[in-house]
Amino acid sequence: MNIIIANIIDLVAAIVQVGSGAIKKKSKILIVQTVQLLMQAVSMLLLGGVTGAVSNVLSCFRNFLCYKDKLNIVWKIILIAASIGFTIALNDQGFLGIIPAAVCTIYIIFMDIKDPVKFKLLVTLSFVPWAVYHFILKSYTGAFFDAATVVTNAVTLVKMIKENKEA
């Protein structure tokens, strides 16, 4: 029963996630992403993905700091250390449980990129390992929509690159 409930929650989160693929402005992406992350954290907890859920909650705080332009090197180190620390303490999934911390670390390092095209590329690529994580966790709606998000983000990315070349 948890699998069904988790997939329904993840379906709602995924709809929000895919919609974010059409957003070009970084601040709006971060707000929408935060809502989506909280919903997916609940879904992951229901499926036993504790490290993924913790990573999502930390990501909400990270997005808030970034939105407020407060994400500096100190906060980045704290967030990366928290992600790795919680993963070490809570991981009972082996290699699978490491994926959220790895994605979180890479995303935190590069998320303050000012170039909107490079930021969109970061967002796009960060969904690829999540698709694997969600699929193995049996969050099939999450995995499907992670893949769909990669596609919508890639389409928007191509448009952004075209617009830059025309300008």
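For clarity, every value in this text was computed on a predicted model and none was experimentally measured.

## Quick word on helix α3 (residues 50-67)
Turning to step 1, where the next piece is worked out: For α3, built from 18 residues, the straight-helix expectation of 26 Å at 1.5 Å per residue is met to within 8% by its first-to-last C-alpha distance of 26 Å.
Turning to step 2, where the next piece is worked out: Those residues of α3 that fall on the buried side of the exposure criterion are Thr51, Gly52, Ala53, Ser55, Asn56, Leu58, Ser59, Cys60, Arg62, Asn63, Leu65 and Cys66.
Turning to step 3, where the next piece is worked out: Elements in contact with the buried residues of α3: α2 (26-46), α4 (73-90), α5 (99-110) and α6 (116-137).

## Quick look at the nonpolar core
Turning to step 1, where the next piece is worked out: Within the largest apolar cluster, 17 residues are counted, with the highest numbers of intra-cluster contacts made by Leu30, Leu71, Leu79, Tyr107, Met111 and Phe119.
Turning to step 2, where the next piece is worked out: For this core, the secondary-structure elements that each account for two or more residues are α2, α3, α4, α5 and α6.
Turning to step 3, where the next piece is worked out: Examining the composition of this core, we find that 4 residues originate from one element, α6, more than from any other.
Turning to step 4, where the next piece is worked out: Excluding residues within four positions of it along the chain, Leu30 makes contact with Asn63, Cys66, Tyr67, Tyr107, Met111 and Phe119.
Turning to step 5, where the next piece is worked out: If you look at the next biggest cluster of nonpolar residues, it comprises 11 residues, including Ala41, Met44, Trp130 and Tyr133.

## Description of the packing of α2 against α3
Turning to step 1, where the next piece is worked out: Axis separation between α2 and α3 bottoms out at 8 Å; the angle between their running directions is 160°. One way to sum up the angle between α2 and α3 is to call them roughly antiparallel. In the crossing of α2 with α3, the sense of the turn from one axis to the other is left-handed. Note on element contacts: α3 touches α2 through Val50, Gly52, Ala53, Asn56, Val57, Ser59, Cys60, Arg62, Asn63, Cys66 and Tyr67, opposite Lys26, Ser27, Leu30, Ile31, Gln33, Thr34, Leu37, Leu38, Gln40, Ala41, Met44 and Leu45.
Turning to step 2, where the next piece is worked out: The residue makeup of the contact of α2 with α3, split by class, is 13 nonpolar, 8 polar and 2 charged.

## Remarks on the side chain of Asn7
Turning to step 1, where the next piece is worked out: On the secondary structure map, Asn7 appears in helix α1 (residues 2-20).
Turning to step 2, where the next piece is worked out: On the basis of relative accessible area, Asn7 is assigned to the buried category, the value being 10%.
Turning to step 3, where the next piece is worked out: Of the polar contacts made by the side chain of Asn7, one reaches the backbone oxygen of Lys138; its length is 3.0 Å.
Turning to step 4, where the next piece is worked out: Residues in contact with Asn7, not counting those within four places in the same chain, are Lys138, Ser139, Tyr140 and Thr141.

## Some details on the environment of Gln17
Turning to step 1, where the next piece is worked out: Structurally, Gln17 can be placed in helix α1.
Turning to step 2, where the next piece is worked out: Once residues within four sequence positions are removed from consideration, Gln17 is found in contact with Gln36, Gln40, Phe127, Phe145, Asp146 and Thr149.

## What to know about the confidence of the model for the protein
Note: predicted coordinates in regions of low pLDDT should not be interpreted at a detailed level.
Turning to step 1, where the next piece is worked out: Confidence in the prediction of the protein, expressed as mean pLDDT, is 90, and 100% of residues score 70 or more.
Turning to step 2, where the next piece is worked out: Here α1 stands out as the least confident element of the protein, with mean pLDDT 87; α4 is the most confident, with 96.

## Quick word on the packing of α3 against α5
Turning to step 1, where the next piece is worked out: The interhelical angle for the contact between α3 and α5, taken along N-to-C directions, is 15°, at an axis separation of 9 Å. As the angle between them shows, α3 and α5 are arranged roughly parallel. Crossing hand, α3 versus α5: right-handed. Between α3 and α5, the residues in contact are Thr51, Gly52, Ser55, Ser59, Arg62 and Asn63 and Pro100, Cys104, Tyr107 and Ile108, respectively.
Turning to step 2, where the next piece is worked out: Split by residue class, the contact of α3 with α5 holds 4 nonpolar, 5 polar and 1 charged.

## Some remarks on the packing of aromatic side chains
What characterises a pair of aromatic rings is the spacing of the ring centres plus the angle enclosed by the ring planes.
Turning to step 1, where the next piece is worked out: Following the criterion strictly, the structure yields 5 aromatic pairs and no others.
Turning to step 2, where the next piece is worked out: Their ring planes at 70° and their centres at 5.6 Å tell us that Phe135 and Tyr140 sit as a pair that is edge-to-face.

## A few points about the environment of Gly49
Turning to step 1, where the next piece is worked out: Along the chain, the position of Gly49 falls in the loop between α2 and α3.
Turning to step 2, where the next piece is worked out: For the pair Gly49 and Thr152, spaced 103 residues apart in sequence, the C-alpha to C-alpha distance is 26 Å.
Turning to step 3, where the next piece is worked out: Gly49 has contacts with Met44, Gln93, Tyr133 and Leu137, leaving out every residue within four places of it along the chain.

What counts as what
Here the residue numbering is sequential within each chain, running from 1 through the sequence in written order. Confidence filtering applies because this is a predicted model: local features only for residues at pLDDT of at least 70, side-chain atom pairs given and counted only at 80 or more, and all residues used for totals across whole chains, interfaces and linings. The basis for every side-chain value is the complete set of non-hydrogen atoms in the structure, without hydrogens or water. Strands here are runs of E lasting at least two residues and helices are runs of H or I lasting at least four, both read from the DSSP assignment and numbered beginning at the N terminus. By this rule, a helix spans an expected 1.5 Å times one less than how many residues it contains. Three exposure classes are used, based on accessible area relative to the maximum for each residue type with a 1.4 Å probe and protein chains only: buried under 20%, partly exposed in between, and exposed over 50%. In this analysis, two residues are considered to be in contact whenever any of their non-hydrogen atoms come within 4.5 Å of each other. What is meant by a nonpolar core is a set of buried Ala, Val, Leu, Ile, Met, Phe, Trp, Tyr and Cys residues, joined one to another through side-chain atoms within 4.5 Å. Angles shown run from 0 to 180 degrees and are taken between the N-to-C directions of axes, each axis being a line fitted to C-alpha atoms and, for helices, limited to the stretch in contact. An angle below 35 degrees is read as roughly parallel, one above 145 as roughly antiparallel, one from 65 to 115 as roughly perpendicular, and any other as oblique. In this scheme, a crossing is called left-handed if the near helix is turned counterclockwise away from the far one by less than a right angle; it is called right-handed if the turn is clockwise. Residue polarity is assigned by list, with Asp, Glu, Lys and Arg as charged and Ala, Val, Leu, Ile, Met, Phe, Trp, Tyr, Cys and Pro as nonpolar; anything else, Gly included, falls into the polar class. Under this definition, polar contacts are N or O atom pairs within 3.5 Å; protein pairs additionally need one hydrogen-donor-capable and one acceptor-capable atom, and for neighbouring residues in sequence, both atoms have to be side-chain atoms. A score between 0 and 100, pLDDT records how confident the predictor is in each residue. Only rings of Phe, Tyr and Trp enter the pairing, Trp through its six-membered ring, and a pair is recorded when the two centres are within 6.5 Å. The plane angle decides the type: under 30 degrees is stacked, over 60 is edge-to-face, the rest tilted.

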